[in-house]
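If you want the building blocks of each chain, they are given just below.
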Amino acid sequence: MTQRALDSSGEQTPGPSRPAMIDAGAELDPVHPMEPPPPPHRPGGLTTAEVAERVARGEVNDVPVRSSRSLTEIVRANVLTRFNLIIGVLWVIMLFVAPIQDSLFGFVIVANTGIGIIQEWRAKKTLDSLAVIGEAKPTVRRDGVAAEISTHEIVLGDVIELGPGDKVVVDGVVAEADSLEVDESLLTGEADPVLKRPGDPVMSGSFVVAGGGAFTATKVGREAYAAQLAEEASRFTLVHSELRSGISTILKYVTWMMVPTAIGLIISQLVVKDNNFKDSVARTVGGIVPMIPEGLVLLTSVAFAIGVVRLGRKQCLVQELPAIEGLARVDVVCLDKTGTLTEGGMDVTEVRPLNGSDEAYVQEVLRTFGASDPRPNASLQAIIDAYPADGDGKAAWTVTDAMPFSSARKYSGAAFAEADGTASAWLLGAPDVLLPEGDATLTEIEQLNQQGLRVLLLARVRGDDLDAPGAAAGAAPTALVVLEQRLRPDAGDTLAYFADQNVATKVISGDNAVSVGAVAGKLGLAGAENTLDARRLPTDPDEMATAMEQNAVFGRVTPQQKRDMVAALQSRGHTVAMTGDGVNDVLALKDADIGVSMGSGSEATRAVAQIVLLNNSFATLPSVVAEGRRVIGNITRVATLFLTKTVYSVLLAILVVCTQVEYPFLPRHLTLLSTLTIGVPAFFLALAPNKERAQPQFVRRVMRYAIPSGVIAATATFTTYLVARHHYSGEGALAAETSAATLTLFLVSMWVLAIIARPYTWWRIGLVAAMGLGFLIVLVVPWLQDFFALKLVGGVMPWTAVAIAVAAAALLEFVWRWVGRRFGM
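Caption draft 1: Just the environment of Pro798, in detail. Structurally, Pro798 is set in helix H28 (residues 796-823). For Pro798, a relative accessible area of 10% translates into the label buried. Considered as a pair, Pro798 and Ala740 are 58 residues apart in the sequence and their alpha carbons are 5.8 Å apart. Not counting the four nearest positions on each side in its chain, Pro798 is found in contact with Tyr728, Leu743, Leu792 and Val793.

Caption draft 2: The arrangement of the pattern of salt bridges in detail. Evaluation of the coordinates by the stated rule reveals 21 salt bridges. A salt bridge links Asp432 to Arg556, with the nearest nitrogen and oxygen atoms 2.9 Å apart. Here the residue Asp432 occupies a position in helix H14 (residues 431-434), and Arg556 occupies one in the loop between strand E20 (553-555) and helix H19 (559-571), the gap between them amounting to 124 residues. Looking at Asp432, the relative accessible area reads 17%, which means it is buried. Between Arg572 and Glu549 there is a salt bridge, with the nearest N and O atoms lying 2.8 Å from each other. Of this pair, Arg572 sits in the loop between H19 and strand E21 (576-580) while Glu549 sits in helix H18 (residues 541-550); the two residues are 23 residues apart in sequence, bridging distant segments of the chain. Beyond isolated ion pairs, a larger network of salt bridges with shared partners links Asp432, Asp533, Arg535, Arg536 and Arg556.

Caption draft 3: Layout of helix H17 (residues 513-522). Counted residue by residue, H17 has seven buried out of ten residues, so it is predominantly covered. Every buried residue belonging to H17 is among Ala513, Ser515, Val516, Gly517, Ala518, Val519 and Ala520, and all of these are buried. Two residues or fewer after H17 comes Gly524, characterised by a positive phi angle close to 85°.

Caption draft 4: Up close: empty space enclosed by the protein. Counted under the stated rule, the structure contains three cavities of 30 Å³ or more. Around the largest cavity sit Leu641, Thr644, Lys645, Tyr648, Thr677, Ile678, Ala713, Ser749 and Val752, which together line it. Secondary structure elements with two or more residues in the lining of the largest cavity: helix H22 (621-659), helix H23 (667-686) and helix H25 (733-756). The element that contributes the greatest number of residues to the lining of the largest cavity is H22, accounting for four residues.

Caption draft 5: Structural view of the side chain of Asp200. Its location among the elements puts Asp200 in the loop between strand E7 (194-195) and strand E8 (201-202). In this structure Asp200 comes out as buried when scored by relative accessible area, which is 17%. Polar side-chain contacts of Asp200 include one of 2.9 Å to the backbone nitrogen of Arg197.

Caption draft 6: Quick peek at the sheet that holds strand E11 (residues 332-336). Strand order in the open sheet formed by eight strands is E10-E23-E22-E21-E11-E18-E20-E19, and the pairing between neighbours is mixed. The two strands at the open ends of the sheet, each matched to only one other strand, are strand E10 (316-318) and strand E19 (531-533). In this sheet, neighbouring strand axes are inclined to one another by 20° on average, regardless of whether the strands run parallel or antiparallel. Where strand E22 (residues 594-598) and strand E23 (residues 611-613) come together, three bridges link them in parallel fashion. Following the sheet pairing, Met598 is matched in E23 by Leu613. H17 rests against strand E18 (504-508), E19 and E20 of the sheet, and its axis sits at about 145° to E20.

Caption draft 7: Representation of the pairing of E11 in the model. Counting buried residues along E11, five of its five residues qualify, which places the element largely inside the surrounding structure. Every second residue of E11 is oriented toward a common face, with Val332, Cys334 and Asp336 on one face and Val333 and Leu335 on the other, all of them buried. Pairing analysis gives five bridges linking E11 to E18, with the strands arranged parallel. Paired with Val332 across the strands is Ala504, a residue of E18. Relative to E21, E11 runs parallel, the two being bridged by three bridges. What sits directly across from Cys334, in E21, is Met578.

Caption draft 8: Seen up close, the packing of aromatic side chains. Applying the stated criterion across every chain yields a total of eleven aromatic pairs. The interplanar angle of 55° and the centroid separation of 6.0 Å between the aromatic rings of Tyr361 and Trp426 together place this pair among those described as tilted. Of this pair, Tyr361 sits in helix H12 (residues 359-371) while Trp426 sits in strand E15 (residues 423-429); the two residues are 65 residues apart in sequence, bridging distant segments of the chain. The exposure class assigned to Trp426 is buried, which follows from its relative accessible area of 1%. Through successive ring pairs, a cluster of aromatic residues spans Tyr361, Phe369, Trp397, Phe416 and Trp426.

Caption draft 9: Looking closely at the packing of H23 against H25. Two elements in contact, H23 and H25, have axes whose closest approach is 9 Å; the angle formed by their N-to-C orientations is 10°. When the axis of H23 is compared with that of H25, the two are roughly parallel. Contacts between H23 and H25 pair His669, Leu670, Leu673, Leu676, Thr677, Pro681 and Leu685 from the former with Thr738, Thr742, Leu745, Phe746, Ser749, Met750, Leu753 and Ile756 from the latter. Residue classes in the contact of H23 with H25 are distributed as ten nonpolar, five polar and no charged.

The rules we used
- Residues numbered from 1 in each chain as written.
- Predicted model: local features only at pLDDT ≥ 70, side-chain atom pairs only at ≥ 80, totals over all residues.
- Heavy atoms only, no water.
- Helix = DSSP H or I, 4+ residues; strand = E, 2+ residues; numbered from the N terminus.
- Buried < 20%, exposed > 50% of the residue type's maximum accessible area, 1.4 Å probe, protein only.
- Contact = heavy atoms within 4.5 Å.
- Salt bridge = Lys/Arg side-chain N within 4 Å of Asp/Glu carboxyl O.
- 1 Å grid on protein atoms, 1.4 Å probe; cavity = no way out; pocket = protein on both sides within 12 Å on 5 of 7 lines; lining within 4 Å.
- Points joined across faces, edges and corners; volume = space filled by probe spheres on them.
- Polar contact = N/O pair within 3.5 Å; in protein donor to acceptor, adjacent residues only side chain to side chain.
- Pairing = 2+ DSSP bridges.
- Axes fitted to C-alpha atoms, helices over the stretch in contact; angles between N-to-C directions.
- Phe/Tyr/Trp six-rings, centres within 6.5 Å; stacked < 30°, edge-to-face > 60°.
- Parallel < 35°, antiparallel > 145°, perpendicular 65-115°, else oblique.
- Nonpolar A, V, L, I, M, F, W, Y, C, P; charged D, E, K, R; others polar.

What follows is the structure in structure tokens.
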């Protein structure tokens, strides 16, 4: 095969292979690196024996495509945490210096960590199975036969076919090209497609936007330049999210507070107070452990993992966990009409000859046009179904040239040698692109578009150079092909759901705006009459954002415009989700806050989307939104429980250090309180239904409630403790003081739980009541009294503790309502 190189004048001249013509000191392009001479093209591909030989040599595309973390990584991530380390050290200390009941907090951590591992392992298995379902299978020629195989079965030297939407899965050299255009934006960031000719390199991670062809694999497995992109596309990742980053921020602040407070508490209990050493250690540990909101991180991971499993059962592949959260925060959804609101198939309802054209002749043109493209799009497939070729699969005329459809051009083309030897050339595409503005035929087309019908114009052109820049100029209209799109039966209900949730819906399509508006109107989209032709869309980002907010339907949108429209909406502070299934949606899917692809969409769209609807049902989106809102809303609620405990623990420790008194609690007391007022109820509340719309500023919203709640709880508890120190005296006084303080802290914490559990349902009331009953059982059962060292002495002090708790609960209620009115819930 002849290679083309550049001579000194810059002209392309035949020459030797590329490496011989490149200066040894030249800087290599990472996307188009220096390649060895391309292998000779074998149209039939490798033989079975050659494939087996290459597999034996290890020349196979063996890059592991993991949809989740390995079991080792899951265990490591759940076990080896900063807080587990701190608690583990404290647990070991307590096992040596105190009874087993003061070490219960360690067993709770083991149980919680185990739950986290099990839940993520279940999520891993679900994702692994779904990733296999969603995996694209490239078409490879072997033994002269083209067949689909898994990407990991490709070997060095395989001939792989390409068509619109196909992703280049390994590096190679183009062997065949038919107007082949490849988008390398995933590698270079450049949006313009690159025209590829035989001998040109293609890189894994790029994808075909127009035309077709085949290439020979020259690098497979880990040697491919962008092999990691395929792995990253469906990896179970814990990437940035407001929820996770907010929790990390909270934990950072907690660490800063915890360290100096814990040091002061240790000095106070071990040095200043002349207590029993083991008892001092136990009370010191009892003050440090509750400062750590370790369960919050674990519970967040569990909630996300369970969300993934739930969505997986609905054939929704979540490729990045925070996508669940992101879609719940979305306030604008941009929909591509074809494949989202409508099904992939279309039907030809009518063909209207123009300018006296013969109907039988037009039908023959369309029949031959259908045979010109081996990979027809939905419109051309409808024509093929309406005007099939003869029984042998061949048209009566001969196709001499063909130009595949391009979303940038808005038309396709073909040249024929008719039965009598006459040569003719034709274009088929958007009438408003092929006809001059003001043409009388456009009025007729507009009436059809208003009925929600799609109209293509068949036009005859002079000459046979279909690729010429002015090929469409002077095209003679020959016929209108009227197509009816099949609406998705569930699309109307989904649009209604988004409207009910105050999520704006924008329909963005490459079709005629009026036609798209009519389809959207049939589905009940609010504002469907507000349509705009994207060719009249302002280029200024601010003006474009205004146009986007004022209109609901946009037609004749180019792929680059879709990307600009997403950016314009984002510039106004909107959180934007983009759905689509075609190659023309990829750029917008990449830039949107959340990209949603249909499972039947192109490999390129599935690779860049965070969520893939494997069942191709747009109706699955409300489930994703609902799951995200459940996770965010519930984690926000239970985070207040965890951080209230952290605040009152830190404040109690500070008060103890400042007043130089014994720390009132042993670890067993706070283990009991944490289990009944936080651990058990938080687990159930985190999995409860929650339809609240996700709100921004997670950290501020949580701390607005956690700080005053923690301050009130600590103040009430310490007040009870000080009153009890004056009330009790003699042997056993500290135990009685601790019991009274524990009662107050439990009652105040229960009121925080009761507030967070609102609005009440039967099971929420039952949950709160069960926690209260659990504490009551501990107080009345003798052996539990001894086990937890809790025994209320006399009648005055216990009722005093209750009275202080009631006052604190009233103050809590007032503060929560004030914060809600002042800042919003």
